[in-house]
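Descriptive structure summary
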Amino acid sequence: MEVKIDKNNKLKFAPALLKWHLSENKRQMPWKGEKDPYKIWLSEIILQQTRVEQGLNYYKNFINTFPDINQLAGADDGRVFKLWEGLGYYSRCKNLLLTARYIVKERSGKFPETYDEMLQLKGIGTYTAAAISSFAFNLPYAVVDGNVFRVIARVFGISKPIDTAEGKRFFTELADELLDKKKPGIYNQALMDFGAVICKPVSPLCQECIFRKKCYAYQHNKINELPVKLKIITVKKRVFNYLVLDYKNEILVHERLGKDIWQHLYEFCLFETKKLLKPEEVTNLALEKKILKAGKYVVITKLTPLKQLLSHQLITGQFIYIHLTTKPVLKENYILVRREQLKNYPFPKLINNAIKEIFVEKK
DNA sequence: AATACGGGGTG
DNA sequence: CACCCAGTATT
């Protein structure tokens with residue numbers, strides 16, 4: 001059952017929010033007040049499912065390296081992925097490049113200026129299109145991100161789940177009603193700031209909240225009940241057995257392609273199994289597959305298995321460091337990279353952790 | 001409509 | 001440990 005929303009409360013929402021934003025507490029960020037759609041777009045892609053503090057340095061590095069969309073579009077994929085390394089959700093990086101190149105090629109480098117055109121671009125969904133069109137062009141589209149779901153659900157007592165199509169429609173509609181159509185850009189930033197600074201997911205600062213007297217969740221003691229989320233994510237366990245093959249200080253690596261995690265990042269020779277194998281079992285597998293040749297290798301180190309938690313997977317990584325005594329045959333997209341050059345390739349965090357242990361700690 | 005996609009911060 | 005972050009694409 002839904003709470004009825006007082007129309008008067010809706011009308012007062014935007015002015016109160018803007019007043020709050022004006023007076024205090026607003027967060028300072030390099031893209032705030034920015035009008036260059038390229039910079040806004042870049043910041044929004046980086047910030048998808050990513051905390052401001054985490055994305056900040058990535059944004060600065062990208063802007064320094066690629067001051068405009070032409071430079072980004074002209075860059076090598078590897079260089080861009082290296083800059084993105086560690087930020088996660090790597091399809092964002094792939095789509096960033098696709099879209100940059102599309103805009104440069106098909107639109108002479110000119111960023112679209114309407115919501116609908118932006119929505120067509122790879123990597124831009126409803127949130128990002130609303131953000132760019134309101135920030136850069138002052139178009140009246142309300143952003144609906146995690147902050148907005150939370151603030152609206154609590155203040156207006158909306159118990160519709162936020163992770164269903166119907167719930168999203170409902171929240172988006174309400175968000176558009178609440179939007180200040182004269183100052184959509186400022187308003188959108190104010191709402192997200194408010195969610196991040198005051199109406200936080202855990203332990204929100206209700207004592208300082210301007211909506212305290214009206215807030216449904218606060219008045220009914222349902223701060224921790226709202227917003228409502230239905231789906232429970234399940235975490236799949238996977239075991240990655242890696243052979244780190246070293247021939248005269250050159251390491252065998254390859255780029256991950258296909259539909260799995262870590263697309264376009266690099267890794268060593270992988271044997272995925274259901275259960276953790278003994279190191280001998282991994283080398284036996286490699287012998288069967290003719291990756292290793294009997295008597296032509298020496299096992300140097302076996303790392304204690306490392307864990308890496310992803311949103312839907314728990315990866316256990318076993319790393320076996322092996323010296324080859326004969327030059328390996330390069331299959332598929334494998335390449336040999338000198339030890340000192342490894343740092344120039346983008347790796348998942350799990351692999352970087354292993355690299356640190358194998359090549360640095362050993363000294 | 002449901003699921004996959006990273007890594008980090010917080011209580 | 002559980003939750004969630006300035007979400008999007010794919011199935």
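Preceding this section is the structure that the text describes.
Residues numbered from 1 in each chain as written. Chains lettered and ligands numbered in written order. Predicted model: local features only at pLDDT ≥ 70, side-chain atom pairs only at ≥ 80, totals over all residues. Heavy atoms only, no water.

In this section: the overall build of chain A. From N to C terminus, chain A includes 14 helices and eight strands. Taking contacts inside chain A between residues at least 6 apart in sequence as the whole, the part at least 24 apart equals 68%. Element-wise, carbon and sulfur atoms account for 53% of the exposed surface of chain A, whose accessible area totals about 19,500 Å². Charge-centre separation for chain A: the mean point of 60 positive side chains lies 3 Å from the mean point of 38 negative side chains. (Helix = DSSP H or I, 4+ residues; strand = E, 2+ residues; numbered from the N terminus. Contact = heavy atoms within 4.5 Å. Areas by Shrake-Rupley, 256 points an atom, 1.4 Å probe, with all protein chains shown as cover. Lys, Arg positive; Asp, Glu negative; His and termini not counted. Charge placed at Lys NZ, Arg CZ, Asp CG, Glu CD.)

Turning our eyes to something else, we now look at empty space enclosed by the protein. Summed over the entire model, instances satisfying the criterion amount to one cavity of 30 Å³ or more. When its volume is computed, the largest cavity comes out at roughly 80 Å³. Forming the walls of the largest cavity are Arg154, Val155, Phe194, Ile198, Cys199, Pro204, Cys206, Cys209, Arg212, Cys215, Tyr218 and Ile223. For the lining of the largest cavity, the residue count by class is 10 nonpolar, no polar and two charged. (1 Å grid on protein atoms, 1.4 Å probe; cavity = no way out; pocket = protein on both sides within 12 Å on 5 of 7 lines; lining within 4 Å. Points joined across faces, edges and corners; volume = space filled by probe spheres on them. Nonpolar A, V, L, I, M, F, W, Y, C, P; charged D, E, K, R; others polar.)

Another point: the protein's contact with DNA strand C. Near DNA strand C, the surroundings consist of 25 residues, among which Gly123, Gly125, Arg150, Met192 and Lys259 are the closest. Atoms of DNA strand C within 4 Å of the protein: sugar and phosphate make up 64%, bases the balance. For DNA strand C, a phosphate oxygen lies 2.9 Å from a polar atom in the backbone of Gln49. Contact between DNA strand C and Gly123: a phosphate oxygen at 2.3 Å from a main-chain N or O atom of the residue. Elements supplying a minimum of two residues to the surface near DNA strand C: helix H8 (126–137) and helix H9 (146–156). Class assignment for the residues of the surface near DNA strand C results in 10 nonpolar, 10 polar and five charged. (Near = heavy atom within 4 Å. Polar contact = N/O pair within 3.5 Å; in protein donor to acceptor, adjacent residues only side chain to side chain.)

Before going further, it helps to examine the pattern of salt bridges. In this structure the tally under the stated criterion is 13 salt bridges. For the salt bridge of Glu166 with Lys160, the shortest nitrogen-to-oxygen distance reads 3.5 Å. Owing to a relative accessible area of 48%, Glu166 belongs among the partly exposed residues under this scheme. The salt bridge partner of Arg338 is Glu340, with a shortest N-O separation of 3.3 Å. Taking the relative accessible area as the measure of exposure, Arg338 reaches 36% and is therefore partly exposed. (Salt bridge = Lys/Arg side-chain N within 4 Å of Asp/Glu carboxyl O. Buried < 20%, exposed > 50% of the residue type's maximum accessible area, 1.4 Å probe, protein only.)

Relative orientation of the contacting elements helix H1 (residues 7–23) and helix H10 (residues 165–178) amounts to 65 degrees, with a least axis distance of 9 Å. It follows from the interaxial angle that H1 and H10 lie roughly perpendicular. Of the residues in H10, those touching H1 at Lys10, Phe13 and Ala14 are Leu174, Glu177 and Leu178. (Axes fitted to C-alpha atoms, helices over the stretch in contact; angles between N-to-C directions. Parallel < 35°, antiparallel > 145°, perpendicular 65-115°, else oblique.)

So, about the protein's contact with DNA strand B. Taken together, 24 residues are adjacent to DNA strand B, and Tyr90, Ala165, Trp262, Gln313 and Lys349 come closest. Of everything in DNA strand B that lies within 4 Å of the protein, sugar and phosphate atoms constitute 57%. At 3.1 Å, a side-chain N or O of Arg51 approaches a base nitrogen of DNA strand B. Separating a base nitrogen of DNA strand B from a backbone N or O atom of Leu87 is a distance of 3.3 Å. When grouped by side-chain class, the residues that make up the surface near DNA strand B number eight nonpolar, 10 polar and six charged.

The residue Thr99 is located in helix H6 (residues 91–106) in this model. Beyond its immediate chain neighbours, meaning those up to four positions away, Thr99 contacts Trp41, Leu121 and Lys122.

This brings us to helix H2 (residues 37–47). In terms of residue burial, H2 counts as a mostly covered element, since 10 of its 11 residues are buried. Residues Pro37, Tyr38, Ile40, Trp41, Leu42, Ser43, Glu44, Ile45, Ile46 and Leu47 constitute the buried set of H2. With a side-chain oxygen lying 2.9 Å from the backbone nitrogen of Tyr38, the N-terminal cap of H2 falls on Asp36. Positioned one or two residues after H2, Gln49 has a phi angle of 55 degrees, which is positive.

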